[in-house]
Amino acid sequence: MPVTKSLNVQKNVIDSSVRKSVFYQIKEIWLYREIFIALAFRDIKARYKQSVLGLLWVIIQPIVTCLVFTIVFGYFVRVDSGDTPYPVFVFSGLLLWQFFSRNLGEGTGSLVANSAFINKIYFPRMGIPLIGLLASTVDFFLALVILFVLMIWFGVAFQPQIIFAPLIVLVTLSLSYAGALIFAPLNAIYRDVGMAIGYGTQFLMYLSPVIYPVSFLPENYHWLFDFNPVATLLDWMRWALIGTTLPSSRAFIVLGATAIVFLIIGRTVFRKLESTVVDRI
Amino acid sequence: MTEVIKIENLSKVYRRPIKRDDKTITEDFWALRDVSLSVNQGDILGIIGKNGAGKSTLLKILSKITTPTSGRITMSGRVGSLLEVGTGFHPEMTGRENVYMNGNVLGMSNAEINRKFEEIVDFSGVADFLETPVKRYSSGMQTRLAFAVAAHLEPEILIIDEVLAVGDAEFQKKCLGKMEEIENSGRTILFVSHNMNAIKNLCNRCIWLKDGLKVEDSRQVSSVISKYLQNASDLANNLSYWEKPINIKENNIISFESIYLLDAGNNPVDQIADFKSEYYLNVKVKCFKETPRLAVGFRVVSENGDILFYSSTSDIDDTQLSLFRVGVNEFKIKLPELHLKSGIYKLNFFAGILGECSIVSPDDSEIAIAFTVDVNQRRALNIQEDRSAILAPLLDWRLT
């Protein structure tokens, strides 16, 4: 399938007010998919090519983080994680959290990181934040395998609702993609945005039930978590993986609404700033 | 003739920050002003103009990289653009991986690259290094591989920006050959170059952009080129001597003080009338501190943009690494018997530290002088001047 042929064979109009429909944009990203996949593979390969341990780093990083949290919060602080052994509990949360925060971080930096291309060739730029998402989805599924090993080790039963996991991954991707659409062009114009996002996500981690369960806090604060979409994603994923309680329906409505609203805002911001970014990057 | 590109009233404005009275304000810069153009299938359109005249902006808009401020373009056919060689090469990845990456980036599918892989590798001449990371390639090798990928793209419209400035002569010839092949297959090429010979040889139509405006557009390629060159040689910076202006960018290593072209009697001249007489360059440079491997030099460029040669202090003896004294250094360089054709030649001066960095690059050097060669007077017939050659020596054809 010649990538550009199907797009370019018909009359191709370039003017100052190109208004593309959402469907056209999706179709365009699909037509250029080989570039995005190639760029994602380039990122994955380049990341591990010069390291001795190579792909093992994907596994080492979450294990070490999990170990640190287990020692600090599971052993010293004694966070009560209910029936689930703390390492499994914290790992199931870290898994999704690291997935989300990396997506957001790399997505925000994606326009700057790929500036060498943006200036020299055309491809639908809205696909650029997807490159990092593709790469980290691969990492996510590798880390999921480690969780399975941990679950077997600690004798935690597998849940039938695990079949929802791909859906949860998809919702997480949408939310982080929306964030990247908003922040990537802003970051290309003012690099401060990337820095702020870095601190912001660290902060958000402690506001979300990653290293502690919601039950760790007094009951009259629990409703607050319904308005944190990341908390809902984390608890939803824990429900699917280790069978904790499902978030409330109010939490799901907030999550869905946030994802949709952010995607719309993201698309608007990205389109508004796209040409400025290209000229200034 | 089918029209493949139609450009109507295209304008592009960039907002750029400028410094005025210690304040930074933004100013509008019109890179293109109201350009209209219609390109037919099979046109090999050369685009010439000074740096900043809007050539690259036009190509960027055509390749959809940047959007126009106003105006409209209608194109039909697949567009392939090669705006910079090596775009999309990833240093850590091997030559083979990069061929696929680069192909994708230029709009080829993996299946298409599979089909042409052998041909691409053959053309590039780097077959032995396919499994080597590209960062270990020489820049020449990178260029060859990148052009090879782009040349096999087979688009209906090919957009090329100054790719021939790099690579060795043999490879340039190969590239020109490939472009002629593309040309013969009836496709359309838009070609930006500062190399007037390449434009003359390849193009069947030429436009000249000046300050964002299209000032010439004709199928008489040579006439557009000569108009452009006449205009270029009127420029004030083509003086036959150079003296340090007050507002020049300074560095803390070396600065050029003055450059003169002198005849045998030490009189400044601006014309070389006869290569049998002796001519000298007098170059004064001021050196601020002891710097190992410091070198200065110049290159000679013809009015067609062909680089004739380079000469540098490092040519003499590269063990002589501390040639420069702190303070003013004066050089006297005897010009060789060049047997150049009549015309205007420009000398761009440069400075740098060998193997380390360039201090003044010859490509954007403001430090330049020009001289005229006018040797017609010694010839009964000036057939030599019409030949497309760089040198015009008069040899002694004698019967034995």
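Here's the deal with the overall build of chain A
Thinking step 1. Helix and strand content of chain A: 11 helices and 1 strand.
Thinking step 2. Counting across all 281 residues of chain A, residues that qualify as buried make up 51%.
Thinking step 3. Of the roughly 13600 Å² of accessible surface on chain A, 70% is carried by carbon and sulfur atoms.

So, the overall build of chain B
Thinking step 1. A tally of regular secondary structure across chain B gives 8 helices and 19 strands.
Thinking step 2. Counting over 400 residues, chain B shows a buried share of 50%.
Thinking step 3. Of the contacts formed within chain B by residues at least 6 apart in sequence, a portion of 68% connects residues at least 24 apart.
Thinking step 4. For chain B, the exposed surface amounts to about 19700 Å²; the carbon and sulfur share of it is 49%.

What about the side chain of Ser258 of chain B?
All names here are of chain B.
Thinking step 1. By the element assignment, Ser258 lies in strand β11 (residues 254–263).
Thinking step 2. For Ser258, a relative accessible area of 7% gives the class buried.
Thinking step 3. With near-sequence residues (within four places) excluded, Ser258 lies in contact with Trp242, Glu243, Asn282, Val283 and Lys284.

Some remarks on the interface of chain B and chain A
Thinking step 1. Listed per partner, the contact involves 40 residues of chain B and 34 residues of chain A.
Thinking step 2. Across the chain B/chain A interface, buried area totals approximately 3400 Å², and carbon plus sulfur atoms make up 57% of it.
Thinking step 3. When the area that chain B buries against chain A is broken down by residue, the three leading residues are Lys64, Ile65 and Val105 of chain B, summing to 19%.
Thinking step 4. Between chain B and chain A we count 1 salt bridge in total.
Thinking step 5. There are 4 residue pairs in polar contact (both at pLDDT 80 or more) connecting chain B and chain A.
Thinking step 6. The set of elements that each furnish at least two residues to the side of chain B that touches chain A consists of β1 (3–20), α1 (55–62), β4 (70–75), α2 (95–106) and α3 (110–124) of chain B.
Thinking step 7. Tallying contributions element by element places β4 of chain B first for the side of chain B that touches chain A, with 6 residues.
Thinking step 8. Split by residue class, the side of chain B that touches chain A holds 13 nonpolar, 16 polar and 11 charged.

Remarks on the sheet that holds strand β10 (residues 241–243) of chain B
All names here are of chain B.
Thinking step 1. The strand order across the open sheet formed by 4 strands is β10-β11-β13-β16, and the pairing between neighbours is antiparallel. Strands at the two margins of the open sheet, each flanked by one partner only, are β10 and β16 (327–334). For this sheet, the mean angle separating the axes of adjacent strands, direction not counted, is 20°.
Thinking step 2. As judged from the 3 bridges shared by β10 and β11, these two strands associate in the antiparallel manner. Pairing of Tyr241 across the sheet is with Tyr260, part of β11.

Section: the nonpolar core
Thinking step 1. Counting 107 residues, the largest nonpolar core has Phe123 and Ile211 of chain A together with Ile5, Ile47, Leu62, Ile73 and Leu190 of chain B as the members making the most contacts within it.
Thinking step 2. Setting aside anything within four residues of it in sequence, one finds Leu190 of chain B in contact with Ile5, Val39, Leu45, Ile47, Leu59, Leu62, Ile157, Leu158, Ile159 and Ile160 of chain B.
Thinking step 3. With 45 residues, the next largest nonpolar core counts Phe123, Phe171, Cys175 and Cys206 of chain B among its residues.

Observations regarding the packing of aromatic side chains
Thinking step 1. Per the counting criterion, the structure on display carries 22 aromatic pairs over all chains.
Thinking step 2. Measuring from centroid to centroid gives 4.9 Å for Trp236 of chain A and Phe252 of chain A, while their planes differ by 85°, and the two rings are edge-to-face. Note that Trp236 of chain A is positioned in helix α10 (residues 229–242) and Phe252 of chain A in helix α11 (residues 249–280), a separation of 16 residues in sequence.
Thinking step 3. Looking at Phe252 of chain A, the relative accessible area reads 25%, which means it is partly exposed.
Thinking step 4. Where Tyr100 of chain B meets Phe117 of chain B, the ring centres are 5.6 Å apart and the plane angle is 20°; that geometry is what we call stacked. Of this pair, Tyr100 of chain B sits in helix α2 while Phe117 of chain B is found in helix α3, placing the two residues 17 residues apart along the sequence.
Thinking step 5. Overall, Tyr100 of chain B belongs to the partly exposed group, its relative accessible area being 22%.
Thinking step 6. Since its relative accessible area comes to 8%, Phe117 of chain B is described here as buried.
Thinking step 7. In textbook terms, an aromatic cluster arises when at least three aromatic residues are bridged by ring pairs, as seen for Phe256, Phe298, Phe309 and Phe349 of chain B.
Thinking step 8. Directly above the aromatic system of Trp30 of chain A lies the positively charged group of Arg33 of chain A, at a separation of 4.1 Å from the ring centroid.
Thinking step 9. Just above the ring of Phe89 of chain A sits the side chain of Arg238 of chain A; from NZ or CZ to the centre is 3.7 Å.

Structural notes on the packing of α3 of chain B against helix α4 (residues 139–151) of chain B
Residue and element names in this part refer to chain B.
Thinking step 1. The contact between α3 and α4 brings their axes to 8 Å, and the two run at 140°. By the angle class used here, α3 and α4 are oblique. In the packing of α3 onto α4, the handedness of the crossing is right-handed. Contacts between α3 and α4 involve Ile120, Phe123 and Ser124 on the former and, on the latter, Arg144, Leu145, Phe147, Ala148 and Val149.
Thinking step 2. Per-class residue counts for the contact of α3 with α4 are 6 nonpolar, 1 polar and 1 charged.

A few points about the packing of α2 of chain B against α3 of chain B
Residues and elements named next belong to chain B.
Thinking step 1. At a minimum axis separation of 10 Å, α2 and α3 run at an interaxial angle of 130°. The orientation of α2 relative to α3 falls into the category oblique. At the point where α2 passes α3, the crossing takes the right-handed sense. Contact residues: α2 offers Arg96, Val99, Tyr100, Gly103 and Asn104, while α3 offers Asn110, Ile113, Asn114, Phe117 and Ile120.

Quick look at α2 of chain B
Since the α-helix turns once every 3.6 residues, residues separated by three or four places project in the same direction.
Thinking step 1. For α2 of chain B, spanning 12 residues, the distance from its first C-alpha to its last is 16 Å, which sits close to the expected 16 Å at 1.5 Å a residue.
Thinking step 2. Gly107 of chain B, located one to two residues past α2 of chain B, shows a positive phi value of around 105°.

Concerning the sheet that holds strand β7 (residues 188–192) of chain B
Where strands meet in a sheet, backbone hydrogen bonds hold them as pairs that are either parallel or antiparallel.
All names here are of chain B.
Thinking step 1. The 6 strands lie next to each other as β5-β6-β7-β3-β8-β9, forming an open sheet whose pairing is mixed. A strand with exactly one partner marks an edge of an open sheet, and here the two such strands are β5 (79–82) and β9 (213–218). Direction aside, the axes of adjacent strands within the sheet are offset by 15° on average.
Thinking step 2. As paired elements, strand β8 (residues 205–210) and β9 share 5 bridges and run antiparallel to each other. In the sheet register, Cys206 faces β9, and the bridge partner there is Ser218.

What counts and what doesn't
Residues numbered from 1 in each chain as written. Chains lettered and ligands numbered in written order. Predicted model: local features only at pLDDT ≥ 70, side-chain atom pairs only at ≥ 80, totals over all residues. Heavy atoms only, no water. Helix = DSSP H or I, 4+ residues; strand = E, 2+ residues; numbered from the N terminus. Buried < 20%, exposed > 50% of the residue type's maximum accessible area, 1.4 Å probe, protein only. Areas by Shrake-Rupley, 256 points an atom, 1.4 Å probe, with all protein chains shown as cover. Contact = heavy atoms within 4.5 Å. Buried area = accessible area lost by both parts, 1.4 Å probe. Salt bridge = Lys/Arg side-chain N within 4 Å of Asp/Glu carboxyl O. Polar contact = N/O pair within 3.5 Å; in protein donor to acceptor, adjacent residues only side chain to side chain. Nonpolar A, V, L, I, M, F, W, Y, C, P; charged D, E, K, R; others polar. Pairing = 2+ DSSP bridges. Axes fitted to C-alpha atoms, helices over the stretch in contact; angles between N-to-C directions. Core = buried A, V, L, I, M, F, W, Y, C linked by side-chain atoms within 4.5 Å. Phe/Tyr/Trp six-rings, centres within 6.5 Å; stacked < 30°, edge-to-face > 60°. Lys NZ or Arg CZ within 6 Å of the ring centre and 35° of its normal. Parallel < 35°, antiparallel > 145°, perpendicular 65-115°, else oblique. Left-handed = near helix turned anticlockwise from the far one by under 90°. Expected span 1.5 Å × (residues − 1).

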